[in-house]
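Working through the structure, step by step
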Amino acid sequence: MYNLSVNNFALFAVGLVVAGCSKGESGAAKPFLDQTRVVAPNQDWSREILARKPGPIKYRVEAPGAFTLMVLTDKGFQAARTRNTAGLTRSDVLLDTIKSGTFEGSINLPAGSSWFVIRNDTAQDASIHLTYSE
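Let me begin by describing the structure that accompanies this report. (Residues numbered from 1 in each chain as written. Predicted model: local features only at pLDDT ≥ 70, side-chain atom pairs only at ≥ 80, totals over all residues. Heavy atoms only, no water.)

Turning our eyes to something else, we now look at helix α2 (residues 74-81). Within α2, burial applies to Gly 76, Phe 77 and Ala 79. One face of α2 carries all of its buried residues, which in axial projection span an arc of 165°. The inward-facing, buried residues of α2 abut β2 (44-51), β3 (55-73) and β5 (112-120). Among the residues trailing α2, Arg 83 stands out with phi positive, at a value near 60°. (Buried < 20%, exposed > 50% of the residue type's maximum accessible area, 1.4 Å probe, protein only. Helix = DSSP H or I, 4+ residues; strand = E, 2+ residues; numbered from the N terminus. Arc of directions from axis to C-beta. Contact = heavy atoms within 4.5 Å.)

Right, dumping it as structure tokens:
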């Protein structure tokens, strides 16, 4: 659909990164992730976040019913994904909570990959909305 040369693609990608981390007119940080996904009953939605340096991010999850939210280090996520219980330590679990409706907060992430894992705890499909910002 789009014919991007390597140089144009690099400029386009840089523009996305800069635009995703900028502040809005009100001074509030614009989300660098704003995504909605329909999640089947008792199923997970996993979303990776890559932090260039350690520090806090703000997040918000909106769902029509109950959900479980976990934030895991990459090591913890890989251990959980492969069902390696010996490889999953408490320090790999950055957040583990059960909520309903809208839940927002701030979390300190380590540098590198971390994972938001949202489980739909309802008996029907749920449209779940996830945002995070600086």
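Continuing now.
The next point concerns the nonpolar core. Among soluble globular proteins, nonpolar side chains are generally buried collectively. The biggest cluster of nonpolar side chains holds 21 residues, and the ones touching the most others in it are Tyr 59, Leu 69, Phe 116, Ile 118, Ile 128, Leu 130 and Tyr 132. Elements represented by at least two residues in this core include exactly β1 (33-39), β2, β3, β4 (93-109), β5 and β6 (126-133). If you tally residues by element for this core, the top one is β3, at 7 residues. Each residue touching Leu 130, except ones within four places of it in the same chain, is listed here: Leu 33, Asp 34, Gln 35, Trp 45, Arg 47, Arg 60, Val 61, Phe 116 and Ile 118. Core analysis: the second largest hydrophobic core is formed by 5 residues, Leu 72, Val 93, Trp 115 and Val 117 among them. (Core = buried A, V, L, I, M, F, W, Y, C linked by side-chain atoms within 4.5 Å.)

Our next topic: the packing of aromatic side chains. The tally for this structure, following the rule as stated, stands at 4 aromatic pairs. Taken together, a centroid distance of 5.8 Å and an interplanar angle of 65° make the contact between Tyr 59 and Phe 116 edge-to-face. Note that Tyr 59 is positioned in strand β3 and Phe 116 in strand β5, a separation of 57 residues in sequence. Of the residues examined, Tyr 59 reaches a relative accessible area of 6% and is grouped as buried. Their ring planes at 10° and their centres at 4.0 Å tell us that Phe 77 and Trp 115 sit as a pair that is stacked. With a gap of 38 residues between them, Phe 77 in helix α2 and Trp 115 in strand β5 connect regions that are remote in the sequence. A single burial state applies to Phe 77 and to Trp 115, both of which are buried. Through successive ring pairs, a cluster of aromatic residues spans Tyr 59, Phe 103, Phe 116 and Tyr 132. (Phe/Tyr/Trp six-rings, centres within 6.5 Å; stacked < 30°, edge-to-face > 60°.)

So, about the environment of Ile 107. As for its placement among the helices and strands, Ile 107 is situated in strand β4. Relative accessible area serves as the criterion here: at 9%, Ile 107 is assigned to the buried category. Along the sequence, Ile 107 and Pro 56 sit 51 residues apart, while their C-alpha atoms lie 5.2 Å from each other. Non-local contacts of Ile 107, meaning those with residues more than four positions away in its chain, are made with Gly 55, Pro 56, Ile 57, Tyr 59, Val 71, Leu 94 and Leu 95.

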